[in-house]
Amino acid sequence: MDRRKLIGGALLLPLAGMAAAKTQVVESKCCDCGMMDNIPREIEDSNPLDNELEKYPRCVLCNMDRSRFHATRHLLHYGDNTVHATCSITCAAQCMVKERRRKFKKIYAADFGSGNDIKPLTDAKNATYLLGSNLPRVMSPVSKHAFSDPAAAEAARKTHGGEIADFAAASEQAIAETARYVINNLL
């Protein structure tokens, strides 16, 4: 047998096992306590909204606690029923860029205008975003909050400042901020 084929085949075996798995688990440090955490990076789920904070407790990108940042969390549901759960639109936008060739079933955002203790998720495509207000920011130098009701977003703008935008504009701003951050830290 040809040695190159044997070595090449041996190198591909671990990759074949990873491709067959439905869930890829990655060990990383928890940002809150420094403990090691097994984070599901990709989970197949046809009902991602059922107990979503329990199923997806940490951001797939930065490992932040999504319960703690429930008011800005996002959830990406792909056409193959896999899910990426994030703490913010900043992390969601980075996932969208990385996975740009995948089809989305739906993208959800926390409804900041809700009076609930834990903000419910709403369709991000139809949400109204408040950008640049004095509301808390997450993973970004500029705050970005989604509202299911445009009137609630306008009321928040009058109180907290900022500007009204749609999901596309909020995503574009998040991507541009990430690009500026990367470029500024390279120079």
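Our subject is the structure listed above.
Residues numbered from 1 in each chain as written. Predicted model: local features only at pLDDT ≥ 70, side-chain atom pairs only at ≥ 80, totals over all residues. Heavy atoms only, no water.

1. With respect to the overall build of the chain
Counting its secondary structure elements, the chain contains 5 helices and 9 strands. Tracing the chain from N to C terminus, the helices and strands come up as α-β-β-α-β-β-α-β-β-β-β-α-β-α. When contacts within the chain are restricted to residue pairs at least 6 apart in sequence, long-range pairs at least 24 apart make up 53% of them. As displayed, the chain offers around 10,900 Å² of accessible surface, 55% of which is attributable to carbon and sulfur atoms. (Helix = DSSP H or I, 4+ residues; strand = E, 2+ residues; numbered from the N terminus. Contact = heavy atoms within 4.5 Å. Areas by Shrake-Rupley, 256 points an atom, 1.4 Å probe, with all protein chains shown as cover.)

2. Focus on the side chain of His145
For His145, the position within the fold is in strand 8 (residues 144-147). A distance of 3.1 Å separates a polar atom in the side chain of His145 from the backbone oxygen of Pro136. In contact with His145, not counting residues within four places along its chain, are Ala71, Thr72, Phe112, Thr128, Tyr129, Leu130, Leu135 and Pro136. (Polar contact = N/O pair within 3.5 Å; in protein donor to acceptor, adjacent residues only side chain to side chain.)

3. Some details on the side chain of Thr82
With respect to the secondary-structure elements, Thr82 resides in strand 4 (residues 82-86). When its relative accessible area of 5% is taken as the criterion, Thr82 is described as buried. A distance of 2.6 Å separates the side chain of Thr82 from the side chain of Asp80, its partner in a polar contact. Within polar-contact distance, the side chain of Thr82 engages the side chain of Arg102 at 2.4 Å. (Buried < 20%, exposed > 50% of the residue type's maximum accessible area, 1.4 Å probe, protein only.)

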